[in-house]
Amino acid sequence: MYQWHPPTDLAAVDGLVDRIVAGEVDVVTFTSAPAAAYLLEAAGERRDDLVKAFHERVVAACVGPITAAPLTALGVPTVQPERGRLGALVRTLEEHFA
C-alpha cells in the first residue's frame, strides 16, 4: 500500500518549486493526490507561477485521474497512463517524449 507523508526537507520542496518556475524542469511525476495538492500549497505566493509553468512548458505526469485531481481543478493539463500503475506511467512518459 502506498502512503504519503509530508516531506521533512522543506527547503528541497522550495527548491523544486523554484526550478519548476524557472523552467529548469521538464516533467514532474505525481503518484498521489496529496503530493500534488501539497506542491501547489507549498508554492505559496508562487502558486500562479507554478500553474503557469505547468501550462506552458512543464509536463505534469500523474499516475491516474484521482492523483491529477488537484491539478486538473486548476486547469493544469496532465499526462496519464490508461491504467493507473507506476510502470504504465513510465511507459506513457517514454511515449510522450519520444
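Note that the structure is a prediction, hence the values are computed from the model and not measured.

The 3 strands are arranged E1-E2-E3 in an open sheet whose pairing can be described as parallel. The open sheet has two edge strands with one neighbour each: strand E1 (27-30) and strand E3 (78-79). Taken together, the 2 bridges between strand E2 (residues 59-62) and E3 define a ladder with parallel strand orientation. Of the residues in E3, the one forming a bridge with Ala-61 is Val-79.

Turning to the side chain of Thr-92, a few remarks are in order. In this structure, Thr-92 sits in helix H5 (residues 86-96). Within the structure, Thr-92 has its side chain in polar contact with the backbone oxygen of Ala-88 (distance 2.8 Å). Ignoring sequence-local partners within four residues, the contact set of Thr-92 consists of Val-79, Gln-80 and Pro-81.

The next subject is the pairing of E2. On E2, burial covers both faces: Val-59 and Ala-61 on one face and Ala-60 and Cys-62 on the other are all buried. Following the backbone out of E2, through helix H4 (residues 65-72) and into the adjacent parallel E3, one traces a crossover that is right-handed.

As a further point, take the nonpolar core. Judged by nonpolar contacts, the single largest core of 20 residues is most densely connected at Ile-20, Phe-30, Leu-39, Phe-54 and Leu-71. Listing elements by their share of this core, those giving two or more residues are helix H1 (10-21), E1, helix H2 (33-42), helix H3 (47-56), E2 and H4. The biggest single contributor to this core is H3, with 4 residues. Apart from residues lying up to four places away in sequence, Leu-39 is in contact with Val-13, Leu-16, Val-17, Ile-20, Phe-30, Leu-50 and Phe-54.

This structure, assessed with the given rule, holds 3 salt bridges. Among the ionic pairs, Arg-46 bridges to Asp-14, the shortest N-O distance being 3.5 Å. Remark: Asp-14 occurs in helix H1 and Arg-46 occurs in the loop between H2 and H3; sequence separation between them is 32 residues. Since its relative accessible area comes to 35%, Asp-14 is described here as partly exposed. A salt bridge links Asp-18 to Arg-46, with the shortest nitrogen-to-oxygen separation between them at 2.2 Å. Here Arg-46 lies in the loop between H2 and H3 and Asp-18 lies in helix H1, a separation of 28 residues in the sequence. Looking at Arg-46, the relative accessible area reads 24%, which means it is partly exposed. One salt-bridge network, in which partners are shared between bridges, spans Asp-14, Asp-18 and Arg-46.

Before going further, it helps to examine the pairing of E1. Going residue by residue along E1, you find Val-28 and Phe-30 tucked away on one face and Val-27 and Thr-29 left uncovered on the opposite face. Judged from the 4 bridges that link them, E1 and E2 form a sheet pairing that is parallel. Bridge assignment links Thr-29 to a residue of E2, and that residue is Ala-61.

Conventions and cut-offs
- Starting from 1, residues in each chain are numbered consecutively following that chain's sequence as written.
- The predicted origin of the model limits local features to residues at a pLDDT of at least 70 and limits the giving and counting of side-chain atom pairs to 80 or more, whereas totals for whole chains, interfaces and linings rest on all residues.
- Hydrogens and water are ignored here; the side-chain numbers use all heavy atoms of the structure.
- Paired strands, in this sense, are two strands between which DSSP finds at least two bridges.
- Only DSSP runs of H or I with at least four residues qualify as helices, and only runs of E with at least two residues qualify as strands; both kinds are numbered from the N terminus onward.
- For this analysis, a polar contact is any N or O atom pair within 3.5 Å, provided that within protein one partner can donate a hydrogen and the other can accept it, and provided that sequence-adjacent residues contribute only side-chain to side-chain pairs.
- The contact criterion used is simple: two residues touch if any of their non-hydrogen atoms lie within 4.5 Å.
- We call a residue buried when its accessible area falls under 20% of the maximum for its residue type, exposed when it is over 50%, and partly exposed in between, using a 1.4 Å probe and counting protein chains only.
- By the criterion used throughout, a crossover qualifies as right-handed when its path from the first strand across the helix to the second strand runs clockwise, the strands pointing away from the viewer.
- In this description, a nonpolar core means a group of buried Ala, Val, Leu, Ile, Met, Phe, Trp, Tyr and Cys residues linked to one another through side-chain atoms lying within 4.5 Å.
- Think of a salt bridge as a Lys or Arg side-chain nitrogen and an Asp or Glu carboxyl oxygen that are within 4 Å of each other.

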